[in-house]
Amino acid sequence: MTEAIYLEVSKKTEAAKKQTPGFRLWNAEILRRFTVWILCLAETEKHREAVKAKIQL
C-alpha cells in the first residue's frame, strides 16, 4: 500500500515538475501533506461517529 502511494506521488511530482519549471516539488513534502490529509479525514470520521452516538442517546 505504502509503495503504491509513493509511486503515485512520484508520478504526480514528475508531472508537476514538467508543467512548472523553476518550481520545486519534493516527494517528501507531498507525502507529508497527504499524511496530514489522511489524518484529518480520520479525525473527521471519529467526530462524526461521536456526534451520531450523542444523537442516538
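These figures come from a predicted structure and were not determined experimentally. (Residues numbered from 1 in each chain as written. Predicted model: local features only at pLDDT ≥ 70, side-chain atom pairs only at ≥ 80, totals over all residues. Heavy atoms only, no water.)

**Re the overall build of the chain**
- Looking only at helices and strands, one finds two helices and zero strands in the chain.
- In the chain, which comprises 57 residues, the proportion classed as buried is 11%.
- For the chain, the computed accessible surface area is about 5400 Å², with 63% contributed by carbon and sulfur atoms. (Helix = DSSP H or I, 4+ residues; strand = E, 2+ residues; numbered from the N terminus. Buried < 20%, exposed > 50% of the residue type's maximum accessible area, 1.4 Å probe, protein only. Areas by Shrake-Rupley, 256 points an atom, 1.4 Å probe, with all protein chains shown as cover.)

**Section: the pattern of salt bridges**
- For the structure on display, the rule yields two salt bridges.
- Between Lys46 and Glu43 there is a salt bridge, and its shortest N-O distance comes to 3.8 Å. Of this pair, Lys46 and Glu43 both sit in helix 2 (residues 27–56), separated by three residues, roughly a single helical turn.
- Here Glu45 makes a salt bridge to Arg48, at a shortest N to O gap of 3.7 Å. Separated by three residues within a single helix, Glu45 and Arg48 lie in helix 2, roughly one turn from each other.
- Residue classification places Arg48 among the partly exposed positions, given a relative accessible area of 47%. (Salt bridge = Lys/Arg side-chain N within 4 Å of Asp/Glu carboxyl O.)

**Focus: a nonpolar patch on the surface**
- A grouping of Trp37, Ile38 and Leu41 is seen on the molecular surface, where their side chains present a nonpolar patch of about 300 Å² in accessible area.
- Inspection of the secondary structure puts Ile38 in helix 2. (Patch = residues over 30% accessible without salt bridge, like charges linked within 9 Å, V, L, I, M, F, W, Y side chains within 5 Å.)

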